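Take a look at the letters that make up each chain.
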Amino acid sequence: MSVDLRTRTDADVPVVEAERFFGVDLPELAERRADLVALAVGHLDLRPLAVEVDGRSWRLEPDGDGIRTAPGTADATLSVTAQRMADLVNDHVTPVGLMTAGEWTLDRHLRTVMDWWLVLRSLIDERPVHVPGAVTVAADVTRSFTLDDDPAELRGFLEEAGFLHLRGVFTATEMQRISDDMDIAEPTRSPGDGRSWWATTADGTERVVRMQRFNEDSPTAAALLDDDRFLAIGAIPGVGYDHPRIGRSNPIEALFKPIGVRQGISDVPWHKDCSLGRHSYECCSLTVGISVTGAGPGSGQLRVIAGSHRALVWPSLFDAAALDLPEVPLATETGDVTAHLSCTLHMAEPPTERERRVMYTGFSLAPPDRESAMRQRVRMRATRESAPLTTSQPPAG
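Every chain is numbered independently, its residues counted from 1 as its sequence is written. For this predicted model, a pLDDT threshold of at least 70 governs which residues receive local features, and a threshold of 80 or more governs which side-chain atom pairs are given and counted, while totals over whole chains, interfaces and linings are taken from all residues. Values reported for side chains reflect all heavy atoms of the structure, with hydrogen atoms and water molecules removed beforehand.

With that settled, the discussion passes to the sheet that holds strand β15 (residues 346-348). Ordered by their spatial adjacency, three strands build an open sheet running β13-β12-β15, and the pairing between neighbours is antiparallel. In this open sheet, the two strands that pair with only one neighbour each are β13 (327-330) and β15. Averaged over all adjacent pairs, the angle separating strand axes in this sheet is 20 degrees, with direction ignored. When DSSP locates at least two bridges between a pair of strands, those strands are taken to pair. The helix and strand labels rest on DSSP assignments: H or I over at least four residues marks a helix, E over at least two residues marks a strand, and numbering proceeds from the N terminus. The pairing of strand β12 (residues 302-305) with β13 spans four bridges and is classified as antiparallel. Under this scheme, a helix contributes an axis fitted over its contacting stretch, all axes are lines through C-alpha atoms, and angles between N-to-C directions fall in the 0 to 180 degree range.

What follows is about the pairing of strand β11 (residues 286-291). Classification of residues uses two cut-offs on accessible area relative to the type maximum, computed with a 1.4 Å probe and protein chains only: under 20% is buried, over 50% is exposed, and between them is partly exposed. Burial analysis of β11 places six of its six residues in the buried class, the great majority of the element. Neither face of β11 is open: one carries L286, V288 and I290, the other T287, G289 and S291, and all of them are buried. Bridge count for β11 against strand β14 (residues 337-341) is five bridges, and the pairing is antiparallel. Its bridge partner lying in β14, V288 is registered against A339. Summarising the sheet, β11 and strand β16 (residues 356-365) pair through six bridges and their orientation is antiparallel. Along β16, the bridge assignment pairs I290 with M359.

Contact geometry for helix α1 (residues 18-32) and helix α5 (residues 110-125): axes closest at 9 Å, N-to-C directions at 70 degrees. Between α1 and α5, the crossing angle belongs to the class labelled roughly perpendicular. On the side of α1, the interface is formed by F21, L26, L29 and A30, while α5 contributes L120, L123 and I124. Here the nonpolar group is Ala, Val, Leu, Ile, Met, Phe, Trp, Tyr, Cys and Pro; Asp, Glu, Lys and Arg are the charged ones; every other residue, Gly included, is treated as polar. Residues of the contact of α1 with α5, tallied by class, amount to seven nonpolar, no polar and no charged. Note that the term roughly parallel is reserved for angles under 35 degrees, roughly antiparallel for angles over 145, roughly perpendicular for angles of 65 to 115, and oblique for everything else. Should any heavy atoms of two residues lie within 4.5 Å, those residues are considered in contact.

Turning our attention to the pattern of salt bridges. In what follows, salt bridge is the name for a side-chain nitrogen of Lys or Arg lying within 4 Å of a carboxyl oxygen of Asp or Glu. Across all of its chains, the model carries 27 salt bridges by this definition. Between R207 and E355 there is a salt bridge, with the nearest N and O atoms lying 3.1 Å from each other. Linking R207 in strand β7 (residues 206-211) with E355 in the loop between β15 and β16, this pair joins segments that are 148 residues apart in sequence. Residue class for E355 comes out partly exposed when judged on its relative accessible area of 37%. Ionic pairing is found between R303 and E327, a salt bridge with its closest N-O pair at 2.8 Å. Pair noted here: R303 is in strand β12 and E327 is in strand β13, with a separation of 24 residues, a long-range link. Residue classification places E327 among the partly exposed residues on the basis of a relative accessible area of 38%.

Next up, the structure:
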């Protein structure tokens, strides 16, 4: 089993024209992959959906064990431009991505839209919609590891469960330095500065909750990105991940997790890191959380759904109780590390007893074009050799 799930590259993105897609391509896919359609129709409560593209509308509806596509309208309607329709088909965006961009408003037809998105992805990507029992996890999901454990065992657990809890990777002294650097950097951030996220707590206080490019503020954080302990984490999957500095303007972020957030993005609900789109181009990347302070019940711990990286389900806005896979809380001590695949459903609990501090970084799959990857690495090496260490990872926990 490999965590490299990519099936597409940006070098070959097909042109999508709505009339041909709904009139020819989608019906042909449904006929050719009738078993996938029957599985989806039997499991999902599909209701009629109209997709309106630049003023023209096509109606999708179940038809026995299959689906029917024809010009028409429906109570539930998703209106998109021709370009956004192409983006949906080509996996550049999801309905969650449209909503995040303000191009679709969350409404009472959410379930209809998301379920038809599952059908679309199932047929185009030739992946079965998840049904109970389709994915199993035999591993002891409560288990934690250290970097001294057998690399093959670490890899096998990550491939099966989609996450790892690594104990004692960094020292309490290192994490205290990081925490002190966070205190120093906090007053340098301001709302709208393009390098921080903010939230409002119950008493009306505005708090910075995410400081991007934290490697520029903290020599200790910058040094960790080149530390053998950190690089060993990226080597666990054995698929050729790139260094976090390659191709990213934001190699590492420092997060405050305050109590009582009422407005703003701090405690992110259930989601996959590919929830906005591009799963088939970029998954699975590896998101790494470094516990500056420990986290447990009441202090903002991370929770994951074991095995969910192998399940075609809603990528966000998700009710974990509806999925037949283990929900796992990851209680950590200072210096512990969590690592999860970008397709693994996860969420951050809102702190209720004490605040948490954590850093997030990670590893992306190297480009499939190895010559391009080598050029990136040469540029990376030149940059590191010409500047001191102190001189965008997707949202996480």
